[in-house]
Amino acid sequence: MALLPRSPREFGSAAYWERFFRQRGERPFEWYGALPELRAVLRRYLRPRDKVLVVGCGNSELSEQMYDAGMCEDIVNIDISDTVIRQMQERSASKRPKMSYLLMDMLQMDFPDALFQVVLDKGTLDAILTDEEEATLAKVDRMFAEISRVLQVGGRYLCISLSQAHVLKKVVEYFSQEGWVVRVHQVASSGDKQQFVLPVFVYVMTKFKKVPGSAPQILEICPEEEDKPMRVESAERLVEAVKDRQHYALLRSQLSKASSGEQLSLDLCSKDSGRPRYTLHVVDSPTMKPSRDNHFAIFIIPQGRETEWLFGTEEGRRQLAASAGFRRLVTAALHREQHYEGMAGIQAELSGKVMELAPLGLPARQQVPFLSVGGDIGVRTVQHRDTSALSGEYVVEDVKGDNKCYFRRLVFLSNRNVVQSEARLLAPAPLPGQKKRRKDRKKPGPTEPPSAIDKSYLCCEHHKAMVAGLCLLGSPDPLPAPLTVLVVGLGGGSLPLFLHDYFSQARVAVVEIDPSMLEVATRWFGFSQGDRMQVHISDGLDYVAKLAAEAQYDAIMFDVDSKDLTVGMSCPPPAFVEKPFLQKVKTILKPEGVFVLNLVCRDARLKESVLATLREVFPLLYARRIDGEVNEILFCQPGPEGPRDPAELLARAQALEGALRQPGRPWDSSYVLADMLQAVKIL
């Protein structure tokens with residue numbers, strides 16, 4: 001440990017390096033690898049006739065290896081340590097007559113201008129640029145100025161670095177201002193022999209004559225598996241691209257160790273657009289008994305189904321891995337607006353990358369299976385994409401689910417893993433006089449899903465529970481007439497549409513703050529207004545506050561999302577559950593009415609605070625958790641007289657369902673109101 005400096009600043013001290021090499025002796029000290037790791041990059045920028053300067057050479061064998069490999073021979077090595085220069089002169093004098101070692105400070109070199117075609121730096125910049133203090137940056141400026149002076153126009157400064165953000169930022173800032181081209185190469189790792197967890201990078205700065213005025217920056221990155229550089233638009237984006245590769249290296253290092261059971265995830269981006277193309281989750285089952293064939297598998301999630309509980313939650317993916325029977329399962333979600341050439345194309349595209357995530361001890365030449373649901377990659381068709389001033393960018397898309405049914409979904413791209421609204425699409429009806437199964441009838445293609453909305457089907461489990469809660473209404477008749485309902489939050493309009501169609505005496509008022517959502521619901525989800533259905537474009541807070549302080553509604557339903565993703569509650573916004581506002585809600589609710597709230601809160605303390613506030617305002621509070629989701633539906637009543645016996649609740653639900661099931665009216669057989677109230681708790 002005596003070889004390490006007391007502070008990083010000592011790396012720039014001549015006295016430290018003199019002491020370091022005296023204590024270490026003649027054993028080579030290789031910063032960031034030797035020629036076998038660096039050869040692929042160096043051979044692109046070194047020519048046999050080049051005159052090469054190596055700054056801060058230390059006792060690395062890299063110059064000797066390049067000389068012996070015939071890459072170049074006219075190599076001048078400099079260092080500030082007299083000890084290491086004497087050691088290296090003795091080691092190479094007779095064997096490598098064209099190579100020299102000189103005692104010299106690279107901040108003040110004795111060489112004439114434009115003497116070298118290449119300047120090579122292996123770890124020296126990293127050793128000097130240990131912080132961003134003024135004195136350190138001034139020293140680095142002198143280093144860069146000297147390198148620029150001794151380098152010919154068209155020459156290359158090759159800097160091998162671990163690429164800390166402040167180092168790369170300084171390199172780009174200095175040399176792009178000088179009009180140089182800056183390219184960053186990632187050095188291919190050497191497997192288990194890799195010295196560092198973080199990858200090694202080579203900065204290649206090519207000198208051009210400085211043009212008067214502001215020349216455009218030319219910044220490029222070359223990943224380890226690619227020969228062709230990719231242009232990036234800014235220094236910030238270049239730093240981010242390097243960070244992405246460093247994070248990936250850390251993830252691979254973590255995966256190579258014993259599993260902790262933690263699920264790790266990463267995005268693989270398109271080379272052309274830079275946008276995410278695949279999202280991978282690595283799921284380990286360390287308690288599963290190992291066998292010859294259960295080490296590793298890849299599961300391709302069908303397009304559009306990545307939000308389902310089985311694929312979109314940690315618990316679901318854990319269950320998926322257990323069902324598949326593999327100790328490590330990598331799930332791959334496919335992104336919208338990306339084109340995929342079927343399962344075979346995805347397998348060819350992913351095979352190399354996912355094998356880097358294979359578990360330790362995977363047998364050599366082990367065949368890794370690619371799995372999916374039904375063997376296909378699913379169907380996703382983006383029908384509409386737009387931007388709302390309030391909700392941001394959003395898409396309306398059709399996806400194929402289980403049993404070949406199609407669903408239409410509204411997704412806000414600010415929270416792309418959450419389906420905001422969903423409706424089932426009806427299969428095309430046969431033409432009049434046409435049999436259902438005519439062989440000559442053209443089937444809809446995979447990109448032509450049906451377009452008619454099935455208004456009888458509630459896709460969202462929380463909507464089903466909210467409707468079931470209407471059995472709590474105080475009237476002995478399961479269908480109070482007329483039934484007045486206020487719904488705050490329109491979305492795709494599925495909930496108010498169902499209330500309108502199945503409660504024939506209902507008058508439904510909907511409050512929606514975003515006018516774009518009314519347009520989306522009308523155009524894409526079959527929503528329409530009429531005598532019994534009116535939409536008010538307003539903030540729900542303002543609308544409730546302006547209503548007359550008298551009982552008006554049998555039921556009030558809040559299904560409104562929060563735009564603030566920093567709060568641990570995504571539904572509703574916090575202002576909707578503050579006590580003064582809840583008291584206003586209570587005043588516009590009939591004494592025997594019910595207030596239904598969709599609560600989505602991941603913060604346990606915040607959730608308990610919300611429940612406490614609700615209990616202060618409403619004497620009777622019921623709660624229904626939605627299985628497999630964060631949603632909890634709360635039924636609040638202004639008086640304490642509501643049913644408390646579970647049997648009475650179920651009887652009311654059955655009576656309500658019986659009233660809703662009318663001859664000639666479609667009813668989804670999977671929707672049983674009593675089931676939705678089985679697990680209701682009185683809080």
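Before reading on, note that the structure itself is shown above.
A few points on the structure.

Cut-offs and rules
- Residues numbered from 1 in each chain as written.
- Predicted model: local features only at pLDDT ≥ 70, side-chain atom pairs only at ≥ 80, totals over all residues.
- Heavy atoms only, no water.
- Helix = DSSP H or I, 4+ residues; strand = E, 2+ residues; numbered from the N terminus.
- Buried < 20%, exposed > 50% of the residue type's maximum accessible area, 1.4 Å probe, protein only.
- Contact = heavy atoms within 4.5 Å.
- Areas by Shrake-Rupley, 256 points an atom, 1.4 Å probe, with all protein chains shown as cover.
- Pairing = 2+ DSSP bridges.
- Axes fitted to C-alpha atoms, helices over the stretch in contact; angles between N-to-C directions.
- Parallel < 35°, antiparallel > 145°, perpendicular 65-115°, else oblique.
- Left-handed = near helix turned anticlockwise from the far one by under 90°.
- Nonpolar A, V, L, I, M, F, W, Y, C, P; charged D, E, K, R; others polar.
- Polar contact = N/O pair within 3.5 Å; in protein donor to acceptor, adjacent residues only side chain to side chain.

**Brief notes about the overall build of the protein chain**
Of regular secondary structure, the protein chain possesses 19 helices and 27 strands. Counting every position in the protein chain, which comprises 683 residues, the buried fraction comes to 51%. Put simply, 70% of the contacts in the protein chain that link residues at least 6 apart link residues at least 24 apart. Roughly 32,800 Å² of accessible area belongs to the protein chain as shown, and the carbon and sulfur atoms make up 51% of that amount.

**Topic: the sheet that holds strand β14 (residues 370-371)**
The sheet built from five strands is open, its strands ordered β10-β11-β13-β12-β14 with mixed pairing. Looking at which strands have only one partner, the edges of the open sheet turn out to be β10 (264-269) and β14. Note that strand β12 (residues 296-301) and strand β13 (residues 328-334) share six bridges and pair parallel. What sits directly across from Ile298, in β13, is Val330. Across the sheet, helix α11 (residues 342-355) is in contact with β10, β11 (276-284), β12, β13 and β14; its angle to β12 comes to roughly 135°.

**Some points on the packing of helix α16 (residues 579-587) against helix α17 (residues 604-617)**
Their axes nearest at 10 Å, the elements α16 and α17 cross at an angle of 40°. On the basis of the axis angle, α16 is oblique to α17. Of the two possible hands of crossing, α16 and α17 adopt the one that is right-handed. The residues of α17 that touch α16, namely those facing Lys579, Leu582, Gln583 and Lys586, are Thr613, Leu614, Glu616 and Val617. Here the residues of the contact of α16 with α17 sort into three nonpolar, two polar and three charged.

**Some thoughts on the side chain of Thr484**
Tracing the chain through its elements places Thr484 in strand β19 (residues 483-488). The exposure class of Thr484 is buried, given its relative accessible area of 16%. A polar contact of 3.0 Å, which involves the side chain of Thr484, links it to the backbone oxygen of Gln552. Apart from residues no more than four positions distant in its own chain, Thr484 is found in contact with Arg507, Gln552, Tyr553, Asp554, Ala555 and Lys590.

**Remarks on the sheet that holds strand β16 (residues 392-400)**
Strand order in the open sheet formed by four strands is β15-β16-β17-β18, and the pairing between neighbours is antiparallel. Looking at which strands have only one partner, the edges of the open sheet turn out to be β15 (380-388) and β18 (421-424). If you compare each strand with its neighbour and ignore which way they point, the axes differ by 15° on average. Relative to β16, β15 runs antiparallel, the two sharing eight bridges. Following the sheet pairing, Thr381 is matched in β16 by Asp398. Where helix α14 (residues 515-524) meets the sheet, it contacts β15, β16 and β17 (406-412), and its direction lies at approximately 20° from that of β16.

**What to know about unusual backbone geometry**
Omega for the peptide link from Cys571 to Pro572 comes to -5°, which places this bond in the cis form. Mapped onto the elements of the fold, Pro572 is located in the loop between β23 (569-571) and α16. One non-glycine residue, Ala114, lies in the positive phi region at around 55°. Exposure remark for Ala114: the relative accessible area of 37% places this residue in the partly exposed category. For Ser163, which is not glycine, the phi dihedral falls at a positive 60°. Along the polypeptide, Ser163 turns up in the loop between β5 (151-161) and α7 (165-177).

By themselves, these figures tell us nothing about what the structure is for.
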